[in-house]
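Close look at the chain arrangement
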Amino acid sequence: MPSLEASKKDLEKLVKKKFACKEELETALEFAKCELDSIEGDKLSIGVKDTNRPDLLSTEGIARELRSRYTKDRGVPKYMVKKSGVTLIVDKNVAKIRPCIAAALIKNIKVTEDFLIQMIQLQEKVCLTFGKRRKEAAIGLYDWKKLKAPMHYKAFKLREKKFIPLEYKVEMDLEEILLEHPKGKEYKHLLEGFDKYPLLLDSKGAVASMPPIINSQLTGKVSEETKEVLVEVTGYTQETVNTALDVMVSAIAERGFSVYSVKIKYPDKTIVTPTFKPKKVTVNLGSVTRLTGLDLTPKQAKELLEKARYNVRTAKGKLLCEYPSYRQDILHEVDVIEDVLISTGYNKIEPAPVELACTGSESSEALAMDSAREICVGMGLQEVLTFTMTSREKQAKKIGLKENDFVEIANPVSINYEVFRKNILPELLDFLGKNKHCLYPQKIFEIGKCLELDESKENKVREPVKLCVVLSGKGAEFTVIKSALDALCKNMNWEHSIEDSNISFLEKGKQGKVTIGSKKGFFGELNKKTLEEFGLEMPTACFEIET
Amino acid sequence: MELKQTAESLSDIEKKTLKALEQEKFIGLEELSKKSNVQIDSTRRAIAWLEEKDFVELEERKESSTELTERGKEYALKGLPEENMLKTLQGIGGVGDFPEVMNKAGFSKEEFNFALGYNKKKNFISILPGEKPRIQLTGVAEEIKEESLQETLKKIESGEKIENEKSRELETRGLVKNVEKTVRKAKLNSRGIEALKLLGTIKQRAYNIQGKVPELFIGKKQPYMRFLLEARRKLAEIGFIEMESPLIVSEFYNFDALFQPQGHPARQWSDTYQLKRPKKGELPDKKIVERVKATHENGWKTGSKGWQYTWSAEIAKRLMPTAHCTAHSARQLAKGVKVPGKYFAVARCYRPDVVDARHLIEFNQMEGIIIDESMNFRKLLGMLKQFAVEFAGTDKVKFAPDYFPFTEPSCELQVKHPKLGWVELGGSGIFRPELALPLGIKEPVLAWGIGIDRLAMVKLGIKDIRQLFSDDLNWLRNAKVAQ
């Protein structure tokens with residue numbers, strides 16, 4: 001869940017309402033699907049729950065969503081867009097690299113600290129979440145006074161152009177930036193496989209930025225002195241870059257600054273951005289009442305949606321809705337219906353009891369596990385719980401097995417958790433090794449799933465539930481463990497047969513294989529080598545069997 | 001402790017030993033044991049306890065004594081060869097040839113030769129020459145009324161002292177040896193004397209009922225497991241059927257069936273585990289796969305716009321450790337459900353993370369679904385309220401908007417904890433049509449998940465999530481069964 005920094009005063013100014021207490025602010029934030037993580041004086045930390053709403057990633061965006069609940073400013077917000085007369089010319093050589101771009105100009109800006117913080121935060125968070133780490137949308141902000149129209153978006157070879165990247169003092173060519181600049185290293189994979197790289201330049205050929213990597217120190221920097229800003233978004237589809245631009249620019253416009261459009265001249269067509277053209281969706285009133293369980297008249301539904309920034313016309317049991325262009329999360333009428341509920345207020349809705357005649361049951365697997373567990377507890381054993389993910393070292397090497405056919409993780413966080421266990425025993429021996437300071441005898445068991453490769457299953461693994469019992473201390477020998485095994489089988493009503501075995505981690509002559517129908521297992525005394533591997537000094541005996 | 005109390009709490013063997021001790025003289029423990037009629041092991045233990053209570057004074061001394069060697073022990077039992085030879089001769093009328101004597105006496109050649117030489121030297125026998133030489137008693141032996149060496153050996157064995165001369169002879173013959181032993185002796189000290197006097201007045205031993213006894217470690221369930229089992233039982237009781245919950249699922253169930261687009265950041269490596277082996281599993285029924293594909297690409301008949309991209313079956317086939325229980329709900333819906341129906345799973349889930357006090361890479365989730373034509377958002381709230389009562393023991397609840405990729409509307413459940421205030425108990429929602437319809441479900445499906453690990457931590461009073469899988473045996477042994 002993305003988290004935002006905001007100023008309470010700034011938020012109140014934009015909402016046009018003061019929040020008297022923490023609870024009031026918390027309730028208000030629910031209208032924007034947000035929660036208050038912390039409040040310290042004026043400083044707010046806000047969690048934005050909906051990861052599909054980039055428009056909520058700024059104080060301006062949240063304020064817009066709240067203002068409609070407390071003032072008459074409802075429906076789709078209207079932003080004036082004037083023509084700037086500026087053109088951005090797209091060269092055909094970016095078509096295969098990073099083809100789409102959208103841009104806008106903002107004028108009459110009065111830069112405040114709050115504004116600067118919010119813009120940088122919004123830019124970063126939108127690129128990260130909606131833009132999928134700059135891949136689908138990368139945003140650039142520029143001091144327009146330092147650039148000269150028309151702008152050009154064109155790709156160049158590695159050594160062809162030089163500029164001073166942001167926060168650097170020396171000029172670097174494109175290759176140097178990709179290899180040496182921290183942002184170059186972080187994002188160069190987005191341009192992998194091309195011999196040319198896209199640049200944004202002004203009419204004099206000065207580099208403004210290298211999208212989606214880095215801006216230029218000279219022009220691509222917004223400061224307290226900035227009066228006019230160029231906003232630009234690059235990506236792979238026009239729809240995505242337009243949405244990102246609308247998110248960015250509408251937030252800036254919330255502060256009352258003037259928005260100017262830019263002509264984007266592609267080789268084959270010319271478009272103008274931003275448009276703020278509302279999007280449309282139709283909702284059946286019947287769907288609303290059915291899904292919410294609320295008896296709403298068309299008028300009530302319309303009012304609730306207007307508070308959620310929709311424009312609504314009602315016709316023949318249908319709600320014809322328009323919603324702001326900065327939203328791209330509405331795929332289905334259910335998305336609109338949720339906004340009806342949020343506008344109503346979740347805590348104002350009367351819960352209705354679920355009255356269904358259903359008979360419940362636990363799975364047979366779970367019930368069998370319970371029986372085995374009861375028997376083990378009856379034998380005086382302490383249950384332990386270990387992880388199913390473990391290391392090859394424990395599962396094979398330490399118990400003298402060479403096998404390697406484990407279910408294996410492709411992206412382990414650490415080698416301690418790289419494969420799934422095939423047996424529980426090594427995990428319990430490891431457990432005992434960590435508890436040598438505790439009083440003996442130590443008598444433990446675990447019941448749980450293990451994993452084995454199995455081509456015949458839909459998920460290509462067999463997931464047997466195994467029971468492992470380990471006794472450690474004076475007298476933990478063959479007879480004792482066999483008694484325990486016999487007691488388990490007798491009480492589980494299992495017919496078991498025993499054969500000679502030659503298992504690497506058990507003592508020769510004091511071990512055996514157990515078979516119960518199709519289930520298999522082993523039992524016996526641990527040999528000295530295995531005990532040493534796990535640092536154990538006491539005699540130890542075990543059995544492990546499928547349940 | 002008061003002398004009287006201590007005297008009262010003496011055990012039987014301590015009392016008997018105390019009575020057998022003397023005031024003036026140190027007594028060895030063997031002797032003491034005989035006198036008190038308490039076995040030597042128990043006497044040793046009693047003396048140790050009495051010393052701890054400061055009733056006796058101990059003395060340790062090195063004493064030398066004579067003991068039988070192995071050969072000595074043998075001869076003590078069956079007699080010495082020379083004496084046996086004389087006895088044998090007496091038995092056969094005072095005379096016999098060599099083989100006769102040897103056989104009758106049961107001698108080895110060596111023993112015979114020794115006995116012959118010895119007795120001849122002492123003049124106890126004479127040898128009658130001839131073709132078959134014979135041995136004859138001389139009569140000297142009969143005159144000697146000395147104690148036999150066998151008797152002497154027996155005396156030594158029983159600990160009696162004997163003359164030096166005799167023992168020296170036996171030592172030379174390797175039948176006895178001198179050994180040094182540490183001998184412990186005890187006598188009463190002044191407190192002991194007092195205690196002894198008191199004992200006369202005390203009739204029965206009083207147990208020290210406050211005293212420490214050895215701790216018994218019982219067999220019991222793992223605390224977190226017990227919690228999970230109770231939760232599962234409770235769900236079965238309120239009408240939920242447990243679903244299958246494999247550890248390994250295809251991305252199809254973990255993501256695609258849940259309408260998560262294939263390029264979504266949540267499907268990246270950093271957010272979920274992927275498998276190196278096995279790599280790909282099987283997709284369900286072709287009809288379901290076709291519908292899911294169409295829904296992702298253009299919304300199919302669900303009324304949705306879809307995600308507008310080309311869906312790949314190969315990506316959906318990829319296997320992964322289950323990242324969330326909702327995968328099991330999707331699988332259950334695809335495999336068929338009763339309507340009305342309630343289903344649940346309490347299952348292990350996996351996510352790559354750095355393990356710390358708040359994060360595990362392997363944890364449990366508890367999730368479920370309710371399917372019926374009558375389900376709606378108000379019912380969802382009603383269900384959540386019931387869960388608050390069942391699992392948190394409170395009906396003080398608060399609802400808040402929430403977001404999950406697969407439910408719309410979505411709702412968070414908070415409950416009021418007496419100490420912690422408002423805490424999040426779980427998330428819920430109504431499955432999106434893009435999820436339900438392709439799996440063949442036309443009725444609304446309420447879906448819920450409860451943060452079972454967090455709830456267990458509150459119930460078990462633990463702060464570090466790693467303790468749920470505690471590897472500390474002492475902690476497990478000390479965990480209470482009753483909360």
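Residues numbered from 1 in each chain as written. Chains lettered and ligands numbered in written order. Predicted model: local features only at pLDDT ≥ 70, side-chain atom pairs only at ≥ 80, totals over all residues. Heavy atoms only, no water.

Within chain B, the regular secondary structure consists of 21 helices and 16 strands. Taken against the 2.2 N^0.38 rule, which gives 23 Å for 483 residues, the C-alpha radius of gyration of chain B at 46 Å runs more than 25% over that of a compact globule. Expressed as lengths along the three principal axes of its C-alpha atoms, the size of chain B is roughly 135 × 75 × 35 Å. Summarising the internal contacts of chain B: among those between residues at least 6 apart in sequence, 68% fall at separations of at least 24. Surface summary for chain B: the accessible area is close to 24400 Å², and the carbon and sulfur share equals 49%. Both charge centroids of chain B, one from 81 positive and one from 70 negative side chains, sit 6 Å from each other. (Helix = DSSP H or I, 4+ residues; strand = E, 2+ residues; numbered from the N terminus. Rg over C-alpha atoms; globule rule 2.2 N^0.38 Å. Contact = heavy atoms within 4.5 Å. Areas by Shrake-Rupley, 256 points an atom, 1.4 Å probe, with all protein chains shown as cover. Lys, Arg positive; Asp, Glu negative; His and termini not counted. Charge placed at Lys NZ, Arg CZ, Asp CG, Glu CD.)

Another point: the overall build of chain A. The secondary structure content of chain A amounts to 15 helices and 30 strands. For chain A, the spread of C-alpha atoms along the principal axes amounts to about 95 × 65 × 50 Å. Counting all 547 residues of chain A, 58% fall into the buried class. When the accessible surface of chain A is totalled, it reaches about 23900 Å², and 50% of it is carbon and sulfur. (Buried < 20%, exposed > 50% of the residue type's maximum accessible area, 1.4 Å probe, protein only.)

All names here are of chain A. Taken as a whole and assessed by the stated rule, the structure comprises 71 salt bridges over all chains. Residues E383 and R373 are paired through a salt bridge, measuring 2.9 Å at the closest nitrogen-oxygen approach. Taken as a pair, E383 in strand β19 (residues 382-383) and R373 in helix α11 (residues 364-378) lie far apart in primary sequence, 10 residues in all. Relative accessible area serves as the criterion here: at 0%, E383 is assigned to the buried category. We classify R373 as buried; its relative accessible area is 2%. As a salt-bridge pair, R462 and E452 come within 3.2 Å of each other at their nearest N and O atoms. Pair noted here: R462 is in strand β25 (residues 461-462) and E452 is in strand β24 (residues 452-453), with a separation of 10 residues, a long-range link. (Salt bridge = Lys/Arg side-chain N within 4 Å of Asp/Glu carboxyl O.)

For the rest of this paragraph, the subject is the interface of chain B and chain A. Taken residue by residue, the interface counts 93 residues in chain B and 84 residues in chain A. Taking both partners together, chain B and chain A bury about 7900 Å²; carbon and sulfur atoms supply 58% of that area. Taken as a group, R277, R378 and Y403 of chain B account for 10% of the area that chain B buries against chain A, more than any other trio of residues on that side. Our enumeration of links across chain B and chain A arrives at 10 salt bridges. With a shortest N-O distance of 3.2 Å, E408 of chain A and R277 of chain B are connected by a salt bridge. Counting the contacts that link chain B with chain A gives 47 residue pairs in polar contact (both at pLDDT 80 or more). For the side of chain B that touches chain A, the leading source of residues is helix α18 (residues 377-392) of chain B, giving seven residues. Here the residues of the side of chain B that touches chain A sort into 44 nonpolar, 20 polar and 29 charged. Of the pairings in the sheet, the one linking strand β21 (residues 408-409) of chain A to strand β9 (residues 275-277) of chain B comprises two bridges and is antiparallel in character. Within the sheet, the bridge partner assigned to E408 of chain A lies in β9 of chain B and is R277 of chain B. (Buried area = accessible area lost by both parts, 1.4 Å probe. Polar contact = N/O pair within 3.5 Å; in protein donor to acceptor, adjacent residues only side chain to side chain. Nonpolar A, V, L, I, M, F, W, Y, C, P; charged D, E, K, R; others polar. Pairing = 2+ DSSP bridges.)

Residues and elements named next belong to chain B. In this model, the second largest pocket occupies a volume close to 1100 Å³. Along the walls of the second largest pocket sit 32 residues, with E63, S65, G159, K181 and V183 positioned nearest its centre. A total of seven residues in the lining of the second largest pocket trace back to one element, the largest contributor, which is strand β6 (residues 176-188). In this structure, the lining of the second largest pocket is formed jointly by two domains, domain 1 (3-64 + 179-201) and domain 2 (70-175), each of which donates at least three residues. (1 Å grid on protein atoms, 1.4 Å probe; cavity = no way out; pocket = protein on both sides within 12 Å on 5 of 7 lines; lining within 4 Å. Points joined across faces, edges and corners; volume = space filled by probe spheres on them. Domains from an automatic or database assignment.)

So, about helix α3 (residues 29-36) of chain B. Given 3.6 residues per turn, any residue in an α-helix points the same way as the ones three and four places further on. Residue and element names in this part refer to chain B. Taken together, the buried positions of α3 are L29, L32, S33 and S36. Along the axis of α3, the buried residues cluster in a sector spanning 100 degrees; they form a single face. Among the exposed residues of α3, those pointing more than 90 degrees away from its buried face are E30 and K34. Where α3 is buried, its residues meet α2 (12-20), β1 (27-28), α4 (40-52) and β6. Looking at the residues trailing α3, positive phi occurs at N37, about 65 degrees. (Arc of directions from axis to C-beta.)

Before going further, it helps to spend a moment on the domain arrangement of chain A. Residue and element names in this part refer to chain A. When the domains of chain A are assigned, the result is domain 1 (3-70), domain 2 (81-273), domain 3 (279-346) and domain 4 (364-546). Of note, the centres of domain 1 and domain 3, computed from C-alpha atoms alone, are 23 Å apart. Listed per partner, the contact involves 13 residues of domain 1 and 11 residues of domain 3. Roughly 1100 Å² of surface becomes buried between domain 1 and domain 3 when both sides are summed, with 46% attributable to carbon and sulfur atoms. For the pair domain 1 and domain 3, the interface holds one salt bridge. Residue E338 is joined to K33 by a salt bridge in which the shortest nitrogen-to-oxygen separation is 2.6 Å. Between the two partners, domain 1 and domain 3, sit seven residue pairs in polar contact (both at pLDDT 80 or more). Broken down by element, the residue count for the side of domain 1 that touches domain 3 peaks at five residues, all from helix α3 (residues 59-70).

What follows covers the environment of I375 of chain A. Topologically, I375 of chain A is positioned in helix α11. Not counting residues up to four positions away in its chain, the partners in contact with I375 of chain A are L488, N491 and M492 of chain A.

Residues and elements named next belong to chain B. Reading across the sheet, the seven strands line up as β7-β11-β12-β16-β15-β14-β13 and stay open at both edges, with mixed pairing between neighbours. Two strands lie at the open edges of the sheet, namely β7 (241-242) and β13 (397-401), each paired on one side alone. Where strand β15 (residues 421-431) and strand β16 (residues 445-450) come together, five bridges link them in antiparallel fashion. When the bridges of β16 are listed, G426 appears paired with I450. Running at roughly 40 degrees to strand β12 (residues 362-371), helix α17 (residues 326-335) makes contact with β11 (341-350), β12 and β15 of the sheet. (Axes fitted to C-alpha atoms, helices over the stretch in contact; angles between N-to-C directions.)

Residue and element names in this part refer to chain A. Examined against the element boundaries, D37 turns out to sit in strand β2 (residues 34-40). With near-sequence residues (within four places) excluded, D37 lies in contact with S3, S45, I46 and G47. At a separation of 3.5 Å, a polar atom in the side chain of D37 contacts the main-chain amide nitrogen of G47.

Next up on the list: the packing of helix α13 (residues 223-237) of chain B against helix α20 (residues 452-460) of chain B. Residues and elements named next belong to chain B. One can describe the packing of α13 onto α20 by two numbers: an axis separation of 10 Å at closest approach and a directional angle of 120 degrees. Both α13 and α20 take part in a crossing whose hand is right-handed. On α20, the residues that touch P223, Y224, F227, L228 and A231 of α13 are I452, D453, L455, A456, K459 and L460. By residue class, the composition of the contact of α13 with α20 is nine nonpolar, no polar and two charged. (Left-handed = near helix turned anticlockwise from the far one by under 90°.)

Let us now look at the nonpolar core. Residues and elements named next belong to chain A. By size, the foremost hydrophobic cluster in this structure holds 199 residues, and its most contacted members are L88, M210 and V231. When residues of this core are assigned to their parent elements, the largest contribution, nine residues, is made by helix α7 (residues 238-253). Once residues lying within four places of it in the same chain are set aside, the contact partners of M210 are F163, L174, I177, L178, Y197, P198 and L199. Among the nonpolar cores identified, the runner-up in size contains 25 residues, and A372, L471, I481 and C489 belong to it. (Core = buried A, V, L, I, M, F, W, Y, C linked by side-chain atoms within 4.5 Å.)

Moving on, we get to the environment of V514 of chain A. All names here are of chain A. Mapped onto the elements, V514 comes out in strand β28 (residues 506-516). Residue class for V514 comes out buried when judged on its relative accessible area of 1%. Ignoring any residue separated from it by four or fewer positions in sequence, one finds V514 in contact with L485, H496, S497, K519, K520, G521, F522, F523 and I545.

In this section: the state of the cysteines. On inspection of all chains with the given rule, the structure shows zero disulfides over all chains. The structure places no disulfide on C34 of chain A, whose sulfur is separated from the nearest cysteine sulfur, that of C411 of chain B, by 16 Å. The class for C34 of chain A is buried, based on a relative accessible area of 2%. Free cysteine: C325 of chain B, not disulfide-bonded; nearest cysteine sulfur from C349 of chain B at 4.4 Å. (Disulfide = S-S within 2.5 Å.)

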